[in-house]
Amino acid sequence: MAEHRDMIDDLIDIQSDWRAVSNPLGNIAGTLAANPEDVKVFDPSEYKGRPRANSLFCVRVAARDEAACSRCLDVCPVSAIAIEGSSVKVDDSCRKCGLCTSVCPTEVFLVQKIMAKALYDKVARVASAYEQCYVTCTRAMGCLHRLPKDNEIVLPCVGAMSAELWFSLLTEYDNLSVYLPVGICDKCRTTTGEECYVNQIGQAEEWSGRSVGLEVDEAALNHEQTRAYKRSQFMGSMANAGKSLVAASNPALAGAAAVANKIKRHSNQIYEMQRSLERTVGEKTQANRRRILTQNRKATLTALQAHPRLARRLDLKVPACDASLCTMCGDCLKACPQHACDLDAQGRFSVEPAYCVNCGACAVACEEGALTMVSCDPAALVVVDEEAERKKRAAARQRAKIAEAKERGKKQLNKVLDGLERLADE
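Quick notes on the rules
- Residues numbered from 1 in each chain as written.
- Predicted model: local features only at pLDDT ≥ 70, side-chain atom pairs only at ≥ 80, totals over all residues.
- Heavy atoms only, no water.
- Helix = DSSP H or I, 4+ residues; strand = E, 2+ residues; numbered from the N terminus.
- Buried < 20%, exposed > 50% of the residue type's maximum accessible area, 1.4 Å probe, protein only.
- Core = buried A, V, L, I, M, F, W, Y, C linked by side-chain atoms within 4.5 Å.
- Contact = heavy atoms within 4.5 Å.
- Pairing = 2+ DSSP bridges.
- Axes fitted to C-alpha atoms, helices over the stretch in contact; angles between N-to-C directions.
- Polar contact = N/O pair within 3.5 Å; in protein donor to acceptor, adjacent residues only side chain to side chain.
- Left-handed = near helix turned anticlockwise from the far one by under 90°.
- Nonpolar A, V, L, I, M, F, W, Y, C, P; charged D, E, K, R; others polar.
- Expected span 1.5 Å × (residues − 1).
- Phe/Tyr/Trp six-rings, centres within 6.5 Å; stacked < 30°, edge-to-face > 60°.
- Lys NZ or Arg CZ within 6 Å of the ring centre and 35° of its normal.
- pLDDT = per-residue confidence, 0-100.

Novice: So what's going on with the overall build of the protein chain? Residues and values would help.
Specialist: Counting its secondary structure elements, the protein chain contains 16 helices and 12 strands. Across the 426 residues that make up the protein chain, the buried fraction comes to 40%.

Novice: Go over the nonpolar core with me, naming the residues and quoting the values.
Specialist: A general tendency of soluble globular proteins is for nonpolar side chains to be buried together. The biggest cluster of nonpolar side chains holds 74 residues, and the ones touching the most others in it are Val158, Trp166 and Leu176. At 7 residues, helix H6 (residues 116–129) tops the list of elements feeding residues into this core. In this structure valine 158 touches Val135, Thr136, Cys137, Trp166, Val178, Leu180, Tyr197 and Ile201, once residues within four positions along its chain are discounted. Among the nonpolar cores identified, the runner-up in size contains 14 residues, and Cys58, Ile81, Val88 and Phe109 belong to it.

Novice: I'd like a description of the sheet that holds strand E5 (residues 133–137), backed by residues and values.
Specialist: Strand order in the open sheet formed by 4 strands is E6-E5-E7-E8, with parallel pairing between adjacent strands. Looking at the sheet topology across the chains shown, the edges are occupied by strand E6 (152–155) and strand E8 (213–215). Strand-to-strand twist across the sheet, computed as the mean angle between neighbouring axes with direction ignored, equals 30°. Where E5 meets E6, 4 bridges bridge the pair, whose relative direction is parallel. Residue pairing for E6: threonine 136 is matched across the bridge by valine 154. Sheet strands touched by H6: E5, E6 and strand E7 (176–179). Its angle to E6, the strand with the most contacts, is close to 155°.

Novice: Which residues make up the side chain of glutamate 278, and what values go with them?
Specialist: Mapped onto the elements of the fold, glutamate 278 is located in helix H12 (residues 254–281). Engagement of the side chain of glutamate 278 in a polar contact is seen with the side chain of arginine 275, the distance being 2.7 Å. Apart from residues lying up to four places away in sequence, glutamate 278 is in contact with Glu283, Arg290 and Tyr355.

Novice: Go over the packing of H6 against helix H8 (residues 163–170) with me, naming the residues and quoting the values.
Specialist: The geometry of H6 relative to H8 is characterised by a closest axis approach of 11 Å and an angle of 35° between their N-to-C directions. Note that H6 runs across H8; the crossing there is right-handed. Residue-level inspection shows Ala116, Leu119, Tyr120, Val123 and Ala124 of H6 in contact with H8, the latter providing Leu165, Ser168 and Leu169. Along the lines of polarity and charge, the residues of the contact of H6 with H8 split into 7 nonpolar, 1 polar and no charged.

Novice: Can you lay out H6 for me, pointing to particular residues and giving the numbers?
Specialist: Relative to the 20 Å expected for 14 residues at 1.5 Å per residue, H6 spans 20 Å between its end C-alpha atoms, a close match to the ideal helical length. Taken across its 14 residues, H6 has 10 buried, putting it largely inside the fold. Taken together, the buried positions of H6 are Ala116, Leu119, Tyr120, Asp121, Val123, Ala124, Val126, Ala127, Ser128 and Ala129.

Novice: Quick one: what's the story with unusual backbone geometry, residue by residue and with numbers?
Specialist: Even without being a glycine, serine 79 presents a positive backbone phi close to 50°. Mapped onto the elements of the fold, serine 79 is located in the loop between helix H4 (71–75) and strand E2 (81–84). Overall, serine 79 belongs to the exposed group, its relative accessible area being 59%. Of note in the backbone geometry, methionine 328 takes a positive phi value of approximately 60° without being a glycine. Among the secondary structure elements, methionine 328 is positioned in the loop between strand E9 (317–321) and helix H14 (331–335).

Novice: Could you give an account of the packing of aromatic side chains, with specific residues and numbers?
Specialist: Applying the stated criterion across every chain yields a total of 2 aromatic pairs. Ring centres of phenylalanine 42 and tyrosine 47 lie 5.5 Å apart, and the angle between their planes is 25°; on these two criteria the pair is classed as stacked. Residue tyrosine 47 is classed as partly exposed on the basis of its relative accessible area of 21%. On the basis of an interplanar angle of 90° and a centroid distance of 5.9 Å, the ring pair of phenylalanine 167 and tryptophan 207 is categorised as edge-to-face. With phenylalanine 167 in helix H8 and tryptophan 207 in helix H9 (residues 193–208), this residue pair connects regions lying 40 residues apart in the sequence. Sitting above the plane of the tyrosine 355 ring, arginine 291 keeps its charged end 5.9 Å from the centroid.

Novice: So what's going on with the confidence of the model for the protein chain? Which residues, and what values?
Specialist: With 81% of its residues at a pLDDT of 70 or more, the protein chain shows a mean pLDDT of 85. The model gives residues 243–252 a pLDDT under 50, and that stretch makes 3 contacts with residues more than four places away or in other chains.

This is the structure in structure tokens:
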């Protein structure tokens, strides 16, 4: 259904048309006149980075068992990752595709340009301002022979975004699409990329109940800003029109400010969610090990806090202990990089599902076979929003007071009516 237009929309169109008339060639004339060496062209290396590895969080290293995890080794298209003893190394043959960062459950591999939180903010910023947000890769963008548009998020490979990150974005935005021309992956040397992003996006779609769009034709790409964003920008420019030239030269336009505030609110929600979780289960284990939340898990838990009904869609495995086999050796605790597992003073095993990244390293490390991976209770993944609960309780008390006042008023009115009726009878 088409949105109802009003005078503001007409003014926005007039403003856009006037700009087009004032500059009919756009930036073409400036580009032709410029020094060819100064003209910026698409550079794939700007979107790539060689990952740095922190072996302290490696599941395989912590469990001291090759069977614990091999996800990064399996996904690397050029076998550039080596895990030996207590070290994780990335050699010079690395293609900088970022696939290892998306599949590693404990975020061992760090690439500053595609860290989960920064990537979430970048996509959210675009999805909030444009009708469509496109996620694409350097290879696809290189085929376009131009710089990326403002609503095109360029990754080394689309597979560099994890399932948890896709899920958290899909819960808030329904205008996410992947732009990949037909056959673009067939000749790519990142041979594992296509399978990786298909699995990641498929998992996120199953969890969220929403779909990621796919565009294969450049001519069909939509670079229009949303109506709400245009209106906010226009009203912001009108508000700034009467200010001094210095202030107007860098106006804090309402549309951009609204998007920035939205991103800031999400960051605050992550912080408050983590604080609520720590207050509920404790920051540390019985052995005084601080529990660790990955950036991807923070995004997922924050999404579930806002949409708790989706928790039942996530079938995540956590360890369950057979007390009759457990010797309380503590090997499971040593194998858990997130310190999600715990043993109390009586030697009873427990796990905090919110912190558990479902890697299964603890079960592999348990030589007695006391641990098995089972589906966790979905409710355990929903962190209670204390502020929302406080407001809910306050609203309930207010409703109760109103209902009580109504009941008192009704009784008093009935008394008055009864009195009047008796007077009428007399």
